Amino acid sequence: MYDLNFYLFVWIALSVIAIPVVLISALMMVIESMGDKRKEEERRALQFQKIDFLLSILDNPKSGVKDYEAALEAFKKHHASLGALDPKEKEFLKRLDFIGKISLMDFWDIDSVAKFRDELVGRNKSLKKEIEQAIGKSLKNRESKDKGKGKK
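Residue numbers run consecutively from 1 along every chain, following the written order of its sequence. Restriction of local features to residues with pLDDT of at least 70 applies here, the model being predicted, together with a cutoff of 80 or more for giving and counting side-chain atom pairs; totals for whole chains, interfaces and linings are based on all residues. With hydrogens and water set aside, each side-chain value is computed from the structure's full complement of heavy atoms.

On the surface, Ile-24, Leu-27, Met-28 and Ile-31 cluster together into a nonpolar patch covering about 410 Å² of accessible area. Relative to the helices and strands, Leu-27 is located in helix H1 (residues 4-47). Put simply, a patch holds well-exposed residues, over 30% relative accessible area, that have no salt bridge, with like charges counted together within 9 Å and Val, Leu, Ile, Met, Phe, Trp or Tyr side chains within 5 Å. Surface accessibility follows the Shrake-Rupley procedure with a 1.4 Å probe radius. Residue values consider only the protein chains on display as shielding. When a carboxyl oxygen of Asp or Glu is within 4 Å of a side-chain nitrogen of Lys or Arg, the pair counts as a salt bridge. Helix and strand definitions here come from DSSP, where helices need a minimum of 4 consecutive H or I residues and strands a minimum of 2 consecutive E residues; each element is numbered from the N-terminal end.

Put into structure tokens, the structure is as follows:
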């Protein structure tokens, strides 16, 4: 027991046993965190399918350009087709509200807004008037807001 070889053997044996335990534990922690990230991404993707969530992004003053762009892409993917909705439904009005608010945002230049309008009108030919009115009002408000800033 007082032999140095005994202690060397014990340290080697414990190391051989401990290394796989530590590696397996670390691997399990990584797998668990990946699962949590995947669940969070799925939850966020489900939120982006709701028009109320997209409107809340536009109304939130802490939202940044990336948030606006993500909301715009989600809108184009899930909500751009307005033809199946009745123009008197709340869902239709919320979508028009989103179109107006996103057109009002400063991160987007007027040419891009015009392309967006053309894209929406192309998808919803029967609602051309409503789409153009929503975007037109926003651009008018945007121009008057910009002129107000210039005077100050």
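Moving on to helix H2 (residues 51-59). Of the positions making up H2, those classed as buried are Ile-51, Phe-53, Leu-54, Leu-55, Ile-57 and Leu-58. The secondary structure elements touched by the buried residues of H2 are H1, helix H3 (65-78) and helix H4 (90-104). Relative accessibility under 20% of the residue-type maximum defines a buried residue, over 50% an exposed one, and the middle range a partly exposed one, all with a 1.4 Å probe and only protein chains included. A contact between two residues is defined here by any heavy atoms of the two lying within 4.5 Å.

Relative to the elements of secondary structure, Arg-95 occurs in helix H4. On the basis of relative accessibility, which here comes to 10%, the residue Arg-95 falls in the buried class. Ignoring anything within four residues of it in the chain, the contact list for Arg-95 reads Ile-51, Phe-75, His-78, His-79, Ser-81, Leu-82 and Leu-85.

Moving on to the nonpolar core. Taken as a class, soluble globular proteins show a tendency for nonpolar side chains to be buried jointly. Residues belong to one nonpolar core when they are buried, are Ala, Val, Leu, Ile, Met, Phe, Trp, Tyr or Cys, and are joined through side-chain atoms within 4.5 Å. The biggest cluster of nonpolar side chains holds 31 residues, and the ones touching the most others in it are Leu-54, Phe-75, Phe-98, Ile-99, Ile-102 and Phe-116. Among the elements of the structure, H2, H3, H4, helix H5 (110-123) and helix H6 (128-151) are those that each provide at least two residues to this core. Top element by residues in this core is H2. It accounts for 6 residues. Leave out the neighbours within four places in its chain, and Phe-116 touches Leu-72, Phe-75, Lys-76, Ile-99, Ile-102, Trp-108 and Ile-135.

Our next topic: the packing of aromatic side chains. Aromatic rings from Phe, Tyr and Trp, taking only the six-membered ring of Trp, are treated as a pair when their centres fall within 6.5 Å; an angle between ring planes under 30 degrees marks them as stacked, one over 60 as edge-to-face, and anything in between as tilted. Counted by the stated rule, this structure contains 4 aromatic pairs. Summarising the aromatic geometry, the rings of Phe-48 and Phe-53 are spaced 5.2 Å apart at their centres and angled 85° between planes, so their arrangement reads as edge-to-face. As far as the burial class goes, Phe-48 and Phe-53 line up, both buried. Taken together, the ring pairs in this structure connect Phe-75, Phe-98 and Phe-116 into an aromatic cluster.

One pass over the full model with this rule turns up 8 salt bridges. When the shortest N-O distance is used, the salt bridge between Lys-94 and Asp-52 registers 2.9 Å. Here Asp-52 lies in helix H2 and Lys-94 lies in helix H4, a separation of 42 residues in the sequence. Judged by its relative accessible area of 27%, Lys-94 falls in the partly exposed class. We classify Asp-52 as partly exposed; its relative accessible area is 43%. Linked by salt bridges that have partners in common, Asp-59, Asp-97 and Lys-101 make up one network.

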